[in-house]
Amino acid sequence: MTTSADTVLDAFLALIAEKGFAEVTLRDVAAAADLGLADLYRLYPDKVALAAAFMARIDAAVLAGTPGQVDPEETARDRLFDGMMRRYDALRPHRDALRALRRAGTRDPLLALALGPALRRSMGAMLEAASLSSEGLPGALRQNGLLAIHYAVSRVFDRDDTVDLSKTMAALDSRLKMAERWSQLFEKYAVSRQEKVTNPAAQ
């Protein structure tokens with residue numbers, strides 16, 4: 001990302017944190033970043049692109065802190081927990097902007113729909129950081145499941161004033177454990193079904 005793009009994104013985050021997403025225009029962002037409107041448009045053609053760039057910046061921060069080698073002692077849940085907590089640490093300075101985005105998405109279903117692909121890409125990045133595939137139907141199910149977890153934990157994160165985000169950690173750990181149990185049950189069911197298909201005499 002160029003310096004100009006970083007400056008624009010910082011200006012956008014500060015503005016929506018102060019005024020709200022709907023109240024901020026591209027002209028406001030351009031003025032705050034001391035950039036011409038046409039130059040801004042070449043970088044970010046609309047506010048959805050700015051919001052997507054914000055999510056991509058957080059993704060990059062999380063991935064930068066991901067170990068290069070997978071620790072065989074860690075479970076997939078452990079790796080997901082670590083990655084998501086790095087995400088909340090990276091989001092911490094931008095909580096007001098994040099709240100503004102969430103409020104705007106709640107009020108405007110079309111905006112929520114437009115932001116959906118960027119959110120799913122972010123969840124895909126978190127899965128890949130945890131060495132879990134985000135490809136195909138299984139990957140899509142994992143993305144949607146992690147997005148639901150993220151949505152629930154974000155409500156706790158919004159109000160978490162602890163130094164170490166201990167409330168957020170507890171909420172994330174609880175929901176990941178629940179997801180792990182459901183995943184194990186589903187896998188057992190899938191294996192059982194496959195055995196019945198391949199060996200009908202065992203039924």
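Residues numbered from 1 in each chain as written. Predicted model: local features only at pLDDT ≥ 70, side-chain atom pairs only at ≥ 80, totals over all residues. Heavy atoms only, no water.

**Comments concerning the pattern of salt bridges**
The condition is simple: Any carboxyl oxygen of Asp or Glu that lies within 4 Å of a side-chain nitrogen of Lys or Arg is treated as forming a salt bridge with it. Put simply, DSSP marks the helices as runs of H or I at least four residues long and the strands as runs of E at least two long, and each gets a number from the N terminus on. Using a 1.4 Å probe on the protein chains alone, a residue whose accessible area is under 20% of its type maximum counts as buried, one over 50% counts as exposed, and one in between counts as partly exposed.
Enumeration according to the criterion identifies eleven salt bridges in this entry. E180 serves as the salt-bridge partner of R77, at 2.9 Å between the closest nitrogen and oxygen. Highlighted residues: R77 in helix 5 (residues 76–91) and E180 in helix 9 (residues 166–198), separated in sequence by 103 residues. Take E180: its relative accessible area is 25%, and that puts it in the partly exposed class.

**Some thoughts on the side chain of R87**
Applicable threshold: Contacts: residue pairs with any heavy atoms within 4.5 Å of one another.
Summarising the element assignment, R87 is placed in helix 5. The residues touching R87, leaving out its near neighbours within four places in the chain, are M55, I58, D59, V62, S122, M123, M126 and H150.

**Details of the packing of aromatic side chains**
Quick note on the threshold: Aromatic pairing here means that ring centres of Phe, Tyr or Trp (its six-membered ring) are within 6.5 Å. Orientation follows from the plane angle: under 30 degrees is stacked, over 60 is edge-to-face, and everything else is tilted.
Inspection of the entire model under this criterion finds two aromatic pairs. Aromatic pair F12 and F21: ring centres 6.2 Å apart, planes at 85°, arrangement edge-to-face. Centroid distance Y88 to F157: 5.2 Å. Interplanar angle 35°. Geometry classified as tilted. Linking Y88 in helix 5 with F157 in helix 8 (residues 136–159), this pair joins segments that are 69 residues apart in sequence. A residue is classified by how much of its surface remains accessible, and Y88, at 0% relative accessible area, is buried.

**Observations regarding the environment of P117**
Among the structural elements, P117 can be located in helix 7 (residues 109–129). P117 sits 65 residues away from A52 along the chain, and the two C-alpha atoms are 8.8 Å apart.

**Remarks on the nonpolar core**
The line we're drawing: Residues belong to one nonpolar core when they are buried, are Ala, Val, Leu, Ile, Met, Phe, Trp, Tyr or Cys, and are joined through side-chain atoms within 4.5 Å.
The biggest cluster of nonpolar side chains holds 52 residues, and the ones touching the most others in it are Y88 and L172. Among the elements of the structure, helix 1 (3–19), helix 2 (26–32), helix 4 (47–64), helix 5, helix 6 (95–107), helix 7, helix 8 and helix 9 are those that each provide at least two residues to this core. The greatest single-element share of this core, amounting to eight residues, is contributed by helix 1. Leave out the neighbours within four places in its chain, and L172 touches F81, M84, M85, Y88, I149 and V153.

**Topic: the confidence of the model for the protein**
Stated precisely, the cut-off is as follows: You can read pLDDT as the predictor saying how much it trusts each residue, on a scale of 0 to 100.
Of the residues in the protein, 88% have a pLDDT of 70 or more, and the chain-wide mean is 89. When pLDDT is averaged over each element of the protein, helix 2 comes out on top at 97 and helix 9 at the bottom at 74.

**Side note on the packing of helix 5 against helix 7**
Any two packed helices are characterised by the angle at which their axes cross and by the distance between the axes. Put simply, the rule reads: Working convention: axes come from line fits to C-alpha atoms, limited for helices to the stretch in contact. Angles between N-to-C directions cover 0 to 180 degrees. Angles below 35 degrees are treated as roughly parallel, those above 145 as roughly antiparallel, those between 65 and 115 as roughly perpendicular, and all remaining angles as oblique. Each crossing gets its hand from how the near helix is turned against the far one by less than a right angle, where anticlockwise is left-handed and clockwise is right-handed.
The geometry of helix 5 relative to helix 7 is characterised by a closest axis approach of 9 Å and an angle of 135° between their N-to-C directions. In this view, helix 5 runs oblique relative to helix 7, as classed from their interaxial angle. Along this stretch, helix 5 crosses helix 7, giving a crossing that reads as right-handed. Within the contact between the two elements, helix 5 uses L80, G83, M84 and R87 and helix 7 uses S122, M123, M126 and L127.

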